[in-house]
Every structure is written in structure tokens, then in C-alpha cells.
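Take a look at the letters that make up each chain.
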Amino acid sequence: MYICSRIVDVIELVLKLIVTIITAVLRTVCELVSSILTVLEEVCEWVQEKVCKWLPWPLNKLCDWVSKLVCKVIEVAKEVWDWVCETIIEFIITVIERFVTVLVYI
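Because the structure is a prediction, the values reported are computed rather than measured.

**Points about helix 2 (residues 57–105)**
- Along its 49 residues, helix 2 runs 71 Å from first to last C-alpha, staying within 8% of the 72 Å computed at 1.5 Å per residue.
- Its axis deflected by about 30° at Val84, helix 2 carries its strongest bend there.
- In this structure, the buried side of helix 2 is in contact with helix 1 (2–54).

**Thoughts on the state of the cysteines**
- Summed over all chains, the structure comprises three disulfides.
- One disulfide in the model links Cys44 with Cys71; its S-S distance is 1.8 Å. Between Cys44 and Cys71, the S-S dihedral sits near -120°, and the bridge is therefore left-handed. Separated by 27 residues along the polypeptide, Cys44 in helix 1 and Cys71 in helix 2 bring together distant segments of the chain.

**Structural notes on a nonpolar patch on the surface**
- Residues Leu59, Leu62, Trp65, Val66, Leu69, Val70 and Val73 make up a contiguous nonpolar surface patch of roughly 660 Å² in combined accessible area.
- Position of Leu62 among the secondary structure elements: in helix 2.

**Quick look at the pattern of salt bridges**
- The full count for this structure, using the stated rule, is six salt bridges.
- Residue Lys72 pairs with Glu75 through a salt bridge whose shortest N-O separation is 3.6 Å. Pair noted here: Lys72 and Glu75 are both in helix 2, with a separation of three residues, about one helical turn.
- Exposure remark for Lys72: the relative accessible area of 46% places this residue in the partly exposed category.
- Close ionic contact of Asp82 with Lys78 constitutes a salt bridge, the shortest N to O distance being 3.1 Å. One end of the pair, Asp82, and the other, Lys78, are both in helix 2, four residues apart, so they sit about a helical turn from each other.
- Assessed through its relative accessible area of 18%, Asp82 is described here as buried.

**Quick notes on the environment of Glu86**
- One can find Glu86 in helix 2.
- Note: C-alpha distance between Glu86 and Lys50 (36 residues apart in sequence) is 34 Å.

**Here's the deal with the packing of helix 1 against helix 2**
- Contact geometry of helix 1 with helix 2 gives a least axis separation of 9 Å together with a crossing angle of 170°. Accordingly, the angle class assigned to the pair helix 1 and helix 2 is roughly antiparallel.
- Here the residues of the contact of helix 1 with helix 2 are counted per class, giving 24 nonpolar, six polar and twelve charged.

**What about the side chain of Gln48?**
- Mapped onto the secondary structure, Gln48 falls in helix 1.
- By relative accessible area, Gln48 is classed as buried at 18%.
- Excluding its chain neighbours within four sequence positions, the residues that come into contact with Gln48 are Lys53, Asp64, Ser67, Lys68 and Cys71.

Basis of the calculations
- Residues numbered from 1 in each chain as written.
- Predicted model: local features only at pLDDT ≥ 70, side-chain atom pairs only at ≥ 80, totals over all residues.
- Heavy atoms only, no water.
- Helix = DSSP H or I, 4+ residues; strand = E, 2+ residues; numbered from the N terminus.
- Expected span 1.5 Å × (residues − 1).
- Bend = angle between axes of the 7 residues up to and from the residue.
- Contact = heavy atoms within 4.5 Å.
- Disulfide = S-S within 2.5 Å.
- Patch = residues over 30% accessible without salt bridge, like charges linked within 9 Å, V, L, I, M, F, W, Y side chains within 5 Å.
- Areas by Shrake-Rupley, 256 points an atom, 1.4 Å probe, with all protein chains shown as cover.
- Salt bridge = Lys/Arg side-chain N within 4 Å of Asp/Glu carboxyl O.
- Buried < 20%, exposed > 50% of the residue type's maximum accessible area, 1.4 Å probe, protein only.
- Axes fitted to C-alpha atoms, helices over the stretch in contact; angles between N-to-C directions.
- Parallel < 35°, antiparallel > 145°, perpendicular 65-115°, else oblique.
- Nonpolar A, V, L, I, M, F, W, Y, C, P; charged D, E, K, R; others polar.

The following block contains the structure:
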């Protein structure tokens, strides 16, 4: 009985460690991608303010239109990404943690 309890303890420790590592990796990836999208938003705004303004007439309008379109796409992508990270991934992490808890209990 003592050996079985030690084996279960080791399995529990390994499973919790794996869950902790997966959680840290997922959160780090979420933060990294979110940071990249934020930087892209800033670059996009900079292009609108600095680059498009000094271009001659037809090009400045085209540049402005394209940069607004790209900025909007980046903004939507960031909103979707943040929602996925905050809702879906956190839900998956919670489910995995509870599954490991139930598995260890059994």
C-alpha cells in the first residue's frame, strides 16, 4: 500500500508540474502575441501620422486608406486574440487543472 501511495504522489507531482508548465507557456505566448499586436498598432498609427502626410496628393490618400484598413484589421485581430486568451485558453487551463485534481483523487 505504501508503494502505491508513493507512485500516486509522484504521478500527481508530475501531472501538476506539466500543467504548470503548459499554463506558463500558454500565458507567455498570449502576452507575447498581444504585445506584438500592440506594437503593430503603434507602427500603423505612426505610418498614418508621419508617412502618409508627407506623400504627394494621390499617394497620401491611398496610403491613408490602406493604413486605416491595416490598422483596423490589426485592431480586430488584437481584440479577438485577447478574447481567446482571456476566455478560451483560461477555460482550457481550468478544465485541465480540475481534470488532474479529479484524476489524482481517483
